[in-house]
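For reference, the chains in residue letters:
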Amino acid sequence: MPFEELQGLDSTTNLGNLCHWVSGHPHSKGMFPDVQSEDGSHHCASLDRAAQGPKEGKSKGQSNRLAYTVTDIPPWYLCILLGIQHFLTAMGGLVAIPLILSKELCLQHDLLTQSHLISTIFFVSGICTLLQVLFGVRLPIIQGGTFSFLTPTLAMLSLPKWKCPAWTENATLVNASSPEFIEVWQTRMREVQGAIIVASCFQIFVGFSGLVGFLMRFIGPLTIAPTITLVALPLFDSAGDKAGQHWGIAFMTVFFIVLFSQYLKNVPVPLPSYQRGKKCHFSPIYIFQIFPVLLGLSLSWLFCYVLTVTDVLPTDPTAYGHLARTDTRGDVLSQAPWFRLPYPGQWGTPTVSLAGIFGILAGVISSMLESMGDYYACARLSGAPPPPKHAINRGIGVEGIGCLLAGAWGTGNGTTSYSENVGALGITKVGSRMVIIAGACAMLLSGVFGKAGAMLASIPTPVIGGLFLVMFGIITAVGVSNLQYTDMNSSRNIFIFGFSVFAGLTVPNWANKNHMLLETEIIQLDQVIQVLLTTGMFVGGLLGFILDNTIPGTQEERGLLAWKHSHKGEVDNSQLISKVYDLPFGIGTKYCAVSWFRYLPACPQKLPSGKKMDELKAAGQESSVKASLERDSEIGADTRI
């Protein structure tokens with residue numbers, strides 16, 4: 001392409017041609033990587049930034065630092081490896097929930113059933129993640145078990161009716177295959193399932209009816225900031241307990257993750273690759289930037305295995321550092337079947353009680369508020385615009401469907417967005433939702449292959465603790481970063497944020513220590529009060545919401561103007577929102593495009609003069625793709641990040 005022709009190029013329709021011309025130039029190979037988007041179009045990451053101009057480049061600082069944005073499709077091998085990394089990141093929480101519930105379900109001496117519960121929660125989490133990424137909020141966010149449901153579940157199982165018989169606490173008296181023992185734990189599981197199924201219907205209604213989207217007009221940075229911050233801050237105790245099982249192993253994990261993600265992120269590693277024109281050659285890949293969590297976990301896990309084989313770590317279960325061994329759950333690996341497909345109703349027909357429903361409803365409310373905060377954090381870290389109301393409605397509704405599926409399959413828990421995986425986006429700088437789809441497939445496979453789930457469940461506790469130290473720190477910082485939209489020179493805003501966060505830490509701490517003072521002699525009401533007052537994100541988020549909407553302040557002072565226009569400067573913000581958050585497979589545009597479709601709260605609104613815009617966009621993509629195909633036989637896609 002002659003240089004004179006470059007002056008007449010349109011920055012949107014012919015960017016793919018320019019990308020290939022520059023990439024094919026002998027003095028510029030590797031300078032402008034050609035990235036494929038979900039719609040099949042190609043674009044240059046560097047040229048996209050240059051096309052925005054200096055002003056837009058500053059406003060898109062977060063997006064510019066991403067290796068892949070939400071709509072990009074990395075090479076298949078990167079999708080698989082990054083997906084496994086997200087699975088490993090979520091696995092700590094996924095495994096912890098069945099293990100915590102096992103005692104109240106009378107399963108503390110039945111390791112095989114615990115392994116089945118772990119496989120089931122893996123399998124259901126994979127299904128829920130696929131539903132959320134494809135049809136829900138459509139952001140790269142993992143779905144899994146929620147700790148918000150643990151408190152009401154444990155409260156329900158602590159009732160006199162459901163307390164475990166004394167003989168189930170004696171390992172010598174437990175016969176895991178006896179019908180009597182199976183009936184003991186399955187009746188409790190079916191009670192939990194019924195409560196979760198009924199409570200999930202409330203969440204489905206709130207999401208798809210549009211009530212959540214209606215409330216979002218009153219929610220701004222001063223509500224989101226304390227909510228996200230208090231997702232991670234109260235977990236310091238859990239992270240400390242896990243890391244405290246062996247601080248040396250935990251800090252080694254932290255050291256590896258920080259080393260790879262911060263100090264070595266700009267160091268390329270030459271790896272063998274194959275391209276049509278070049279055959280086998282070495283290409284520089286920024287592997288430390290892409291896989292810091294996976295590399296850190298793997299090295300720490302391998303080191304623990306060496307210490308276990310050499311018996312450096314103590315074998316006494318009561319000794320400090322014993323949980324750093326990789327064989328503490330070796331019985332699960334040997335007893336777990338190679339293949340087992342979880343199915344709905346595998347523990348029997350669920351039962352329902354009023355006490356359980358009210359308690360789980362409180363967990364649902366807390367989970368919804370946490371998820372809304374996660375959506376905004378995930379959008380910021382994946383280079384997407386803030387989610388519109390219809391996307392939030394769908395996200396909450398699909399999470400309700402996920403809770404319904406979790407109750408039907410019998411995980412003993414619900415489902416929610418995983419904050420630790422939102423933190424992983426900030427470390428890896430890869431926000432592609434195709435990576436999350438690959439992670440969901442890894443969950444499904446681990447749920448089907450029992451040996452794989454049992455093996456992954458053997459990650460030492462202090463390694464998970466070290467991972468939590470890094471991830472929860474990032475989530476806290478993401479929450480605080482939402483204050484950049486507000487005027488923090490305003491005493492009003494300083495008071496709202498400071499008071500909300502401090503109260504979100506103080507009230508739950510007091511409620512946990514003085515729960516007897518909150519008793520009303522109505523069990524159902526006691527459970528609701530206990531769950532709400534011990535959930536820091538609910539207390540802090542509710543206070544931030546009330547104070548921000550009642551204390552006088554201008555739109556600019558509250559950060560609402562900057563919040564709404566945070567992505568102003570895009571070539572076409574409406575097109576970007578449509579590309580990220582519209583339903584897939586042409587639903588609502590090519591198919592099912594009925595006139596009343598756009599009036600549903602969970603369905604996207606049509607863009608003004610959208611037909612013309614779509615035709616122009618399609619024409620530009622067609623010319624770009626055509627030019628790309630003509631050169632693909634000579635020029636391979638550059639994998640440099």
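Below is a short write-up of the structure.

Below, the discussion takes up helix α6 (residues 111-135). Look at α6: 36 Å from first C-alpha to last across 25 residues, which is about the 36 Å you get at 1.5 Å a residue. The buried fraction of α6 is high, at 18 of 25 residues.

What the rule picks out here adds up to five salt bridges. Here Asp311 ties to Arg325 by a salt bridge, and the two come within 3.5 Å at their closest N and O atoms. With a gap of 14 residues between them, Asp311 in the loop between α14 (292-309) and α15 (330-335) and Arg325 in the loop between α14 and α15 connect regions that are remote in the sequence. The class for Arg325 is buried, based on a relative accessible area of 5%. Put simply, Asp327 and Arg325 hold a salt bridge, and the shortest N to O gap is 3.0 Å.

Here the focus is the packing of α6 against helix α17 (residues 389-409). It is the contact of α6 with α17, at a shortest axis distance of 10 Å, that shows an interaxial angle of 160°. Our classification of the angle between α6 and α17 gives roughly antiparallel. Regarding α6 and α17, the two cross each other, and that crossing is right-handed. Within the contact between the two elements, α6 uses Thr120, Phe123, Val124, Ile127, Cys128, Leu131, Gln132 and Phe135 and α17 uses Arg394, Gly395, Val398, Glu399, Ile401, Gly402, Leu405, Ala406 and Trp409. Looking at the contact of α6 with α17, its residues break down into 11 nonpolar, four polar and two charged.

Its 21 residues place the ends of α17 30 Å apart at the C-alpha level, agreeing with the 30 Å of an ideal helix rising 1.5 Å per residue. When you tally the buried positions in α17, you get 16 out of 21 residues, the bulk of the element. Positive backbone phi, at 90°, marks Gly410, one or two positions downstream of α17.

Rules used in this analysis
- Residues numbered from 1 in each chain as written.
- Predicted model: local features only at pLDDT ≥ 70, side-chain atom pairs only at ≥ 80, totals over all residues.
- Heavy atoms only, no water.
- Helix = DSSP H or I, 4+ residues; strand = E, 2+ residues; numbered from the N terminus.
- Expected span 1.5 Å × (residues − 1).
- Buried < 20%, exposed > 50% of the residue type's maximum accessible area, 1.4 Å probe, protein only.
- Salt bridge = Lys/Arg side-chain N within 4 Å of Asp/Glu carboxyl O.
- Axes fitted to C-alpha atoms, helices over the stretch in contact; angles between N-to-C directions.
- Parallel < 35°, antiparallel > 145°, perpendicular 65-115°, else oblique.
- Left-handed = near helix turned anticlockwise from the far one by under 90°.
- Contact = heavy atoms within 4.5 Å.
- Nonpolar A, V, L, I, M, F, W, Y, C, P; charged D, E, K, R; others polar.

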